[in-house]
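Results of the structural survey
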Amino acid sequence: MKKTAFMVLSLILSLSLFVGCTSNQSSSKGDSDTIRVGLNYELSGQVATYGQGLTEGIEMAFEEINENGGILGKQVEIVKIDNKSEDTEAANVSTRLATRENVVVLLGPATSGNTKAAIPAAMQNKIPLVSASATADDITVDKDGNVREYVFKTCFSDSFQGVMMAEFAHGDLSAKTAAVLMDNTSDYAKGLSEAFKKTFTELGGSILTEEAYQAKDTDFRAVLTNIKGTNPDVLFVPGYYEEVGLIVRQARELGLDVPILGADGYESPKLTEIAGKEALNNVYYSNHYSSMDDAEEVVEFNKKFKEKYGKDPDGFNALGYDLAYFVKDAIERAGEADPEKIKDAMAATKDFKGVTGTISIDEKHNPIKSITIIEMKDGVPTFLKKLDPK
Amino acid sequence: MEQIIQQLINGISLGSIYALIALGYTMVYGIINLINFAHGDIYMVGAYVGYALTTFFGLGFLPSLLLAMLTCSILGIIIEKVAYKPIRNSTRISALITAISVSLFLQYTMMYFVSPQTRTFPNVLKGSRITFLNGNVMLDTKNIYILAITVLLMVGLQYIVHKTKIGKSMRAASLDREAAQLMGVDVDKTISFTFAIGSALAGAAGVLVGVYYNTINPLMGTVPGLKAFVAAVLGGIGIIPGAMFGGFFLGMVETMVSAYGGSIIKDAVAFGILILVLLVKPNGLLGKTIKEKV
């Protein structure tokens, strides 16, 4: 009995080795008549709305591309696999796409955590991986500061939002002093506030006070009273909408009426529900995209999206749409659907024009792109302006 | 100066919420020596019942509060009968583990039915802002309501425990369950009643907090439950005015630590004080003067 089990096991092991070898060989050939693109997304589970939103945008873009003759005369074939919003599953899907599905490029996953889990398979198999929504700073760069050769990002990093909001506070709001209130349990908030503080002081402003809270806190009156006592020009609160909603409401209740600034964590209809319409004035945050932007390509995208899906696009839809065209652009410049050449073409991307902004890839494989500033007016998010990096 | 007054107000309003939850905690412990970890989750269920009544049935604040209290007391009795009664004579550790299981069961059952997303409470209790000292100090009338209701409930509890017949049997059961039974006290009924009252208090707290912060979610009971437990222990667990005192003490400590620049370590300081108090006075701050539990 034991012997049979051992035999079966070793058979499976040797077979899996064999499978690994063969598919590697065939993927390096890449002379089929379709271009296979792998999608590794959160289609179910905790953050399913992110993955679904991105996939909608990607599928719409590739359909358009195929209707218009494909890329380099070849049709694009999508291989879409659900990673169930789990990092172990994201790693498995990434391995499967890279070794057995003959894809030339890996798209996704949506969150930073899952993307990090998917990276090793892409690096080992030398297939470029692009994420349109993983905003963590350490996606394209490893912990020693080395650039990951096959990993790219088409969305800006967390710290970049902090830099841009500091410039916005200093330039557009002419703020000289600021207070920072951050969630000290989240890397996202820490990265943002570090970048904000650094840029704001470099621009000549001063940080009056720095306070912290923890995710799931509900009472912020004590720290807000402190902040009110220092009388800052602006208050920077990098956080997620649940706590930010309560913070904004309690700040206004305590008579702290200064502008409140934040980042893409504010983007949710829940923010208005929690904070209340009256409190949500004089609140600004950065985002990837606004459907109220009146630029020509955005209006065009909104129209086409609504025709296809019967609803207004959100940020994830737009990021997914741009990601697909970013891939097309790279493959066309590479001249053939070869992972190695696509990688080099991606690294050399310059002034690629998408609906979420114009993208150039920098030496760290991060995009240099404009940021959208949203202003809350009586609880309604309105497009204020696009801010270009200096 | 204005800032200090404002912080005092902040501390009292935070403390009254802890005190409100701590009252039910301390009461159940006082009678049957069970740390009911599910208390915070009954508080969560109370908040959801209040939310459903005000949002879907359009009821006003007071009827929703009373109905939520009623629902929670029934839930409390069921929990006691199903989960705690069979293990009443087992070791304390198994009672404790059962309480934690009930807590997790309530959290995740609720999450299954209402989904984990945060919901916002409708504005059923119209609060208005009172400002004084040249508009530099603000007070929300909701704070006054919560404080008044907390004091009212505490006085009511004291009355029930010390002046009524059922209160007498509660005290008897807490002193010696077997002796009380021999003297003709219906211990089962008494314990059920204790759970009913304790859970009704949790339900009331749930609705009030829902109205005050206007957000509720299925895990909202965990942290306040823990803080209320700390408040109850600080004041001397089992002593009703102790829970009240402990709640205000904890709220004030947290606020003052934040006020003097320690917002990052406010919980560490609060729990540090708990450890100190327990080292010096193991029965809690009000624990020595009153020997008889509840």
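Calculation notes
Residues numbered from 1 in each chain as written. Chains lettered and ligands numbered in written order. Predicted model: local features only at pLDDT ≥ 70, side-chain atom pairs only at ≥ 80, totals over all residues. Helix = DSSP H or I, 4+ residues; strand = E, 2+ residues; numbered from the N terminus. Rg over C-alpha atoms; globule rule 2.2 N^0.38 Å. Buried ≥ 20, exposed ≤ 12 C-beta atoms within 10 Å, placed from the backbone. Axes fitted to C-alpha atoms, helices over the stretch in contact; angles between N-to-C directions. Parallel < 35°, antiparallel > 145°, perpendicular 65-115°, else oblique. Left-handed = near helix turned anticlockwise from the far one by under 90°. Contact = placed C-beta atoms within 7 Å. Domains from an automatic or database assignment. Nonpolar A, V, L, I, M, F, W, Y, C, P; charged D, E, K, R; others polar. Pairing = 2+ DSSP bridges.

We now examine the overall build of chain A. Within chain A one finds twelve helices and 15 strands. Relative to the globule expectation of 21 Å for 390 residues, the C-alpha radius of gyration of chain A, 23 Å, shows essentially globular dimensions. With the C-alpha coordinates of chain A rotated into their principal frame, the extents come out at 70 × 55 × 40 Å. Burial statistics for chain A: of 390 residues in total, 52% are counted as buried.

This part covers the packing of helix H11 (residues 315-334) of chain A against helix H12 (residues 339-347) of chain A. Residues and elements named next belong to chain A. Contact pair H11 / H12: the axes reach a minimum separation of 8 Å and the direction vectors enclose 115°. With respect to H12, the element H11 is oriented roughly perpendicular. Here H11 runs over H12; the crossing is right-handed. Within the contact between the two elements, H11 uses Ala330, Ile331, Arg333 and Ala334 and H12 uses Lys341, Ile342, Ala345 and Met346.

So, on to unusual backbone geometry. Residues and elements named next belong to chain A. Cis geometry marks the peptide bond from Gly108 to Pro109, where omega comes out at -5°. Here Pro109 shows up in the loop between strand S3 (105-107) and helix H4 (112-125). Located in the positive-phi region is Ser85, a residue other than glycine, with phi close to 60°. By the element assignment, Ser85 lies in the loop between strand S2 (75-82) and helix H3 (87-100). The exposure class assigned to Ser85 is buried, which follows from the 22 C-beta atoms found within 10 Å. For Asn102, which is not glycine, the phi dihedral falls at a positive 55°. Within the fold, Asn102 resides in the loop between H3 and S3.

In this section: the domain arrangement of chain A. Taken as a whole, chain A is organised into domain 1 (31-156 + 296-370) and domain 2 (159-287). Averaged C-alpha coordinates put domain 1 of chain A and domain 2 of chain A at centres separated by 31 Å.

Our focus in this paragraph is the interface of chain A and chain B. At the junction of the two partners, chain A supplies 21 residues and chain B supplies 20 residues. Here the element with the most residues in the side of chain A that touches chain B is helix H7 (residues 221-230) of chain A; it accounts for six residues. Of the residues assigned to the side of chain A that touches chain B, the class counts are seven nonpolar, six polar and eight charged.

Residues and elements named next belong to chain A. Overall, mixed pairing links the seven strands, which are arranged S7-S6-S8-S9-S10-S14-S15 in an open sheet. Each edge of the open sheet carries a strand with a single partner, namely strand S7 (206-213) and strand S15 (380-387). Put simply, the sheet's adjacent strands are angled 25° from each other on average, direction ignored. Here strand S6 (residues 177-183) runs beside strand S8 (residues 234-236); their pairing, made up of three bridges, is parallel. The partner of Ala179 across the bridge, within S8, is Leu235. Lying over the sheet, helix H6 (residues 187-202) contacts S6, S7 and S8, oriented at roughly 170° with respect to S6. Packing against the sheet, H7 makes contact with S6, S7 and S8, and its axis sits at approximately 175° to S7.

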